[in-house]
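# Close look at the chain arrangement
Residues per chain are reported as follows:
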Amino acid sequence: MSAAQNSDAPTLLVKIFGKDRPGTTAGLFETLTAYRVEVVDIEQVVIRGRMVLCALVTQPPAGQEGDLRAAVHSWAGSVKMEAEILSGTGDNRPRGSGRSIVTVLGNPLTAEQTAAITSRITAAGGNIDRIFRLAKYPVTAVEFAVSGVATAPLRTALATEAAALGVDIAVVSAGLHRRAQRLVVMDVDSTLIQDEVIELFAAHAGCEEKVAEVTAAAMRGELDFEQSLHARVALLEGLDASVVEKVRSEVRLTPGARTLVRTLKRLGYQVGVVSGGFTQVTDDLKERLGLDFAQANTLEIVDGRLTGRVIGEVVDRAGKARLLRRFAAEAGVPLAQTVAIGDGANDLDMLNTAGLGVAFNAKPVVREAAHTAVNVPFLDTVLYLLGISREEVEAADGGGLVEH
């Protein structure tokens with residue numbers, strides 16, 4: 001057993017702080033080399049050009065600690081840094097069982113909100129091991145690594161805090177599977193796109209207001225989806241099929257949608273959509289965005305006109321969950337490693353089936369039931385919930401501008 005592995009061995013915590021400059025880390029360890037110490041732990045953080053570098057090392061051979069201390073202080077002074085050296089024993093204290101990642105999205109993120117969140121983590125029995133900023137634009141996204149409390153009770157404890165504070169908080173289990181999530185499935189209407197496709201068709205049929213009323217009631221969970229779908233589609237009877245191209249041209253992607261899909265694809269994820277809307281639109285979106293999977297209802301067209309009926313199996317609330325399972329099986333991805341994103345009651349089964357269900361600018365009933373919620377109008381902020389930083393997004397984008 002090396003000295004670094006001995007929990008009772010004397011150790012020194014060497015802390016260097018000051019203006020960040022290239023070569024600081026290399027300089028410290030070159031200085032320590034002469035004293036034959038073993039490295040137990042290293043941590044470094046840079047904020048606004050100021051660096052704190054901590055190195056936990058074993059005690060040097062007998063009689064050399066004083067020389068090591070003098071050498072480190074001398075080197076630090078030569079590079080205009082400050083040094084502090086603390087004696088102790090062993091490594092860091094063991095982390096408690098139960099590991100979670102807590103991601104907080106704020107627009108802005110205030111000191112008051114941060115105080116309340118961190119206090120709630122402590123009250124739940126958790127300890128914050130590390131903090132890392134994922135993004136500063138278009139929202140501030142901060143990730144907390146927490147140990148000492150199971151994920152489920154921590155998520156419950158923070159859910160109420162998030163609603164009261166007006167921030168978005170996601171709590172997921174830490175571990176390799178988080179980075180291994182390889183399938184993301186989204187709703188389309190009011191999620192991937194800003195529109196309700198049935199309403200775009202209805203505008204051309206002159207029955208937009210009547211269809212919108214039925215759509216809103218269905219999304220609130222007040223009507224059976226299949227019945228409401230048939231009722232709305234019946235109002236489109238007789239429309240010329242040329243309206244399909246017009247509707248496709250009217251569809252508006254949600255800000256950040258292209259960035260979300262492009263980043264996920266370049267990082268090796270598979271991406272799909274399921275919709276209570278229509279294949280006449282989702283097939284076009286699949287081609288435009290390079291999606292791996294797409295499934296929706298299909299409007300029947302006979303002799304160049306809409307018949308007012310849909311054909312095939314209806315994609316409803318239960319159907320979306322079934323399709324998530326099917327896509328996951330085809331992609332070879334366990335359900336625990338899937339992500340579902342949606343906004344309406346029709347998405348609830350899918351959100352609860354996925355390993356991580358994200359309510360995106362959703363109705364209250366959906367926000368309350370989903371694993372987490374995003375309440376800013378940028379779809380690519382979901383990337384931060386997956387632990388993907390802004391820098392990684394921009395790198396995956398090839399250095400180009402990320403759209404919003």
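The present account deals with the structure reproduced in this document. All values derive from a computational prediction rather than experimental measurement.

## Side note on the layout of surface pockets
Counted as a void, the largest pocket has a volume near 1,100 Å³. Lining the largest pocket are 37 residues, with Glu43, Val45, Arg130, Ile131 and Phe132 positioned closest to its centre. For the lining of the largest pocket, the elements supplying multiple residues, two or more each, are β2 (39-47), β3 (50-58), β6 (127-135), β7 (140-147) and α16 (390-396). Broken down by element, the residue count for the lining of the largest pocket peaks at nine residues, all from β6. Grouping the amino acids of the lining of the largest pocket by side-chain chemistry returns 19 nonpolar, five polar and 13 charged. Put simply, the second largest pocket is a space of about 530 Å³. Lining the second largest pocket are 26 residues; nearest its centre among them are Ala159, Ala162, Ala163, Arg367 and Ala373. For the lining of the second largest pocket, the secondary-structure elements that each account for two or more residues are β5 (99-106), α4 (151-165), β8 (168-173), α14 (364-369) and β15 (372-374). No other element matches the seven residues that α4 contributes to the lining of the second largest pocket.

## What to know about the pairing of strand β1 (residues 10-19)
Two strands pair when backbone bridges link them, and β1 and strand β4 (residues 82-89) are joined in this way by eight bridges, in the antiparallel orientation. Paired with Pro10 across the bridge in β4 is Thr89. Of the pairings in the sheet, the one linking β1 to β3 comprises nine bridges and is antiparallel in character. For Thr11, the partnering residue across the bridge sits in β3 and is Thr58.

## Section: helix α2 (residues 65-78)
In this model α2 runs 20 Å from its N-terminal to its C-terminal C-alpha over 14 residues, within 8% of the 20 Å that 1.5 Å per residue would give. Taken together, the buried positions of α2 are Glu65, Leu68, Val72, Trp75 and Ala76. An end-on view of α2 places all buried positions within 100° of arc, on one side of the element. Those residues of α2 that are exposed and aimed more than 90 degrees away from the buried face are Ser74 and Ser78. Next to the buried residues of α2 lie β1, α1 (24-33) and β4. Positive backbone phi, approximately 60°, marks Lys80, located one or two places after α2.

Cut-offs applied
Residues numbered from 1 in each chain as written. Predicted model: local features only at pLDDT ≥ 70, side-chain atom pairs only at ≥ 80, totals over all residues. Heavy atoms only, no water. 1 Å grid on protein atoms, 1.4 Å probe; cavity = no way out; pocket = protein on both sides within 12 Å on 5 of 7 lines; lining within 4 Å. Points joined across faces, edges and corners; volume = space filled by probe spheres on them. Helix = DSSP H or I, 4+ residues; strand = E, 2+ residues; numbered from the N terminus. Nonpolar A, V, L, I, M, F, W, Y, C, P; charged D, E, K, R; others polar. Pairing = 2+ DSSP bridges. Expected span 1.5 Å × (residues − 1). Buried < 20%, exposed > 50% of the residue type's maximum accessible area, 1.4 Å probe, protein only. Arc of directions from axis to C-beta. Contact = heavy atoms within 4.5 Å.

So far we have only geometry, and geometry alone does not tell us how the molecule works.
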